[in-house]
Amino acid sequence: GAGVSQSPSNKVTEKGKDVELRCDPISGHTALYWYRQSLGQGLEFLIYFQGNSAPDKSGLPSDRFSAERTGGSVSTLTIQRTQQEDSAVYLCASSPGTVSYEQYFGPGTRLTVT
Amino acid sequence: GQNIDQPTEMTATEGAIVQINCTYQTSGFNGLFWYQQHAGEAPTFLSYNVLDGLEEKGRFSSFLSRSKGYSYLLLKELQMKDSASYLCAVSRVSGTYKYIFGTGTRLKVLA
């Protein structure tokens, strides 16, 4: 079956512009995660959605970052007024349930802020 | 606070055995995951431990000691394709930051 998909695969934007990153999770997966990975670094947790519960936004680095998940499926991560330090690979993952389940990762969106 | 430590880099020879350690400190611990990440690719799931002990899956095994906050990933009969980063991740049942990843161990397998 289809895995997690993300779009765009690459995004180059100018400092100060807004960007939207999209994630399509595996159908039926109730949990969805966003992470950020800088070159040679580990995964930095950003936000977690589980079913209809309020999302865990504890990892969002600033109020320029926001995310939503519509209809319990597709998710969009929005970064407003991008800064150069936002340059990273943004990974989305989904899982069938809560924290006892493995995560399935999408291919990521490489964001470059010039 | 929450903390996960693993070595930054390891080198081993094809056909050998390598053990990658991970220590963690966290509240609300649920379980520990290992993921493999090849350069430029997304992480893929390797193993999950929730109880103490060893879980074996082919050439890969993972061990957990909840009381010591310690896990290791054991790779046997190393192959060149095992050259990758290995990420240790802790899941939590309470509090924020439901998933915490270590910075990863970069494994180089030499011929």
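Relevant structure appears above.
Everything numeric here is computed off the predicted structure, so don't read it as measured data.

**Focus: the overall build of chain B**
Inference 1: What chain B contains, in helices and strands, is 0 helices and 11 strands.
Inference 2: For chain B, the sequential pattern of α-helices and β-strands runs β-β-β-β-β-β-β-β-β-β-β.
Inference 3: Taken over C-alpha atoms, the radius of gyration comes to 14 Å for chain B, in line with the 13 Å a tight globule of 111 residues would show.
Inference 4: When the backbone C-alpha atoms are referred to their principal axes, chain B occupies close to 45 × 30 × 20 Å.
Inference 5: A total of 111 residues make up chain B; the buried ones form 48% of that total.
Inference 6: Intrachain contacts of chain B at a sequence separation of at least 6 include 56% that bridge at least 24 residues.
Inference 7: Within the structure as shown, chain B displays about 5200 Å² of accessible surface, and the carbon and sulfur contribution to it stands at 51%.
Inference 8: Charged side chains in chain B number 10 positive and 9 negative. The centres of these two groups are separated by 6 Å.

**Brief notes about the layout of surface pockets**
Inference 1: Considering only enclosed or pocket space, the largest pocket measures out at about 690 Å³ in volume.
Inference 2: Taken together, 34 residues form the lining of the largest pocket, with Gln37 and Gly40 of chain A together with Gln37, Ala39 and Gly40 of chain B sitting closest to its centre.
Inference 3: Tallied by class, the residues present in the lining of the largest pocket amount to 11 nonpolar, 19 polar and 4 charged.

**Quick word on the interface of chain B and chain A**
Inference 1: Counting from both sides, the interface comprises 21 residues of chain B and, opposite them, 21 residues of chain A.
Inference 2: Between chain B and chain A, roughly 1600 Å² of surface is buried when both sides are summed, and carbon and sulfur atoms account for 59% of that area.
Inference 3: Connecting chain B to chain A are 0 salt bridges.
Inference 4: One can count 4 residue pairs in polar contact (both at pLDDT 80 or more) joining chain B with chain A.
Inference 5: If you list the elements that add at least two residues to the side of chain B that touches chain A, you get β4 (29-37), β5 (44-49), β9 (84-92) and β10 (99-101) of chain B.
Inference 6: Considering each element in turn, the side of chain B that touches chain A owes the most residues, 4 residues, to β4 of chain B.
Inference 7: For the side of chain B that touches chain A, the residue count by class is 11 nonpolar, 7 polar and 3 charged.

**Comments concerning the packing of aromatic side chains**
Inference 1: Under the defined criterion, the tally for this structure stands at 19 aromatic pairs over all chains.
Inference 2: Consider the rings of tyrosine 24 of chain B and phenylalanine 29 of chain B, whose centres lie 4.6 Å apart with planes at 10 degrees: the pair is stacked. Comparing tyrosine 24 of chain B with phenylalanine 29 of chain B shows no difference in burial state: the two are buried.
Inference 3: By way of ring pairs, the aromatic residues Tyr33, Tyr35, Phe45, Tyr48 and Phe105 of chain A together with Phe33, Tyr35, Phe45, Tyr48, Tyr99 and Phe101 of chain B are connected into one cluster.

**So, the state of the cysteines**
Inference 1: Applying the stated criterion to the full structure yields 2 disulfides over all chains.
Inference 2: Between the sulfur of cysteine 23 of chain A and that of cysteine 92 of chain A lies a disulfide, 1.9 Å long from S to S. Residues cysteine 23 of chain A and cysteine 92 of chain A are joined through a disulfide that is left-handed, its torsion about the S-S bond being -60 degrees. Note that cysteine 23 of chain A is positioned in strand β3 (residues 19-24) and cysteine 92 of chain A in strand β8 (residues 88-95), a separation of 69 residues in sequence. Neither cysteine 23 of chain A nor cysteine 92 of chain A differs from the other in exposure class; each is buried.
Inference 3: Covalent S-S linkage joins cysteine 22 of chain B and cysteine 88 of chain B, the inter-sulfur distance amounting to 2.0 Å. Judged by the torsion about the S-S bond (-65 degrees), the cysteine 22 of chain B/cysteine 88 of chain B disulfide is left-handed. Placement of the pair is cysteine 22 of chain B in strand β3 (residues 18-25) and cysteine 88 of chain B in strand β9, with a sequence separation of 66 residues.
Inference 4: By relative accessible area, cysteine 88 of chain B is classed as buried at 0%.

Rules and cut-offs
- Residues numbered from 1 in each chain as written.
- Chains lettered and ligands numbered in written order.
- Predicted model: local features only at pLDDT ≥ 70, side-chain atom pairs only at ≥ 80, totals over all residues.
- Heavy atoms only, no water.
- Helix = DSSP H or I, 4+ residues; strand = E, 2+ residues; numbered from the N terminus.
- Rg over C-alpha atoms; globule rule 2.2 N^0.38 Å.
- Buried < 20%, exposed > 50% of the residue type's maximum accessible area, 1.4 Å probe, protein only.
- Contact = heavy atoms within 4.5 Å.
- Areas by Shrake-Rupley, 256 points an atom, 1.4 Å probe, with all protein chains shown as cover.
- Lys, Arg positive; Asp, Glu negative; His and termini not counted.
- Charge placed at Lys NZ, Arg CZ, Asp CG, Glu CD.
- 1 Å grid on protein atoms, 1.4 Å probe; cavity = no way out; pocket = protein on both sides within 12 Å on 5 of 7 lines; lining within 4 Å.
- Points joined across faces, edges and corners; volume = space filled by probe spheres on them.
- Nonpolar A, V, L, I, M, F, W, Y, C, P; charged D, E, K, R; others polar.
- Buried area = accessible area lost by both parts, 1.4 Å probe.
- Salt bridge = Lys/Arg side-chain N within 4 Å of Asp/Glu carboxyl O.
- Polar contact = N/O pair within 3.5 Å; in protein donor to acceptor, adjacent residues only side chain to side chain.
- Phe/Tyr/Trp six-rings, centres within 6.5 Å; stacked < 30°, edge-to-face > 60°.
- Disulfide = S-S within 2.5 Å.

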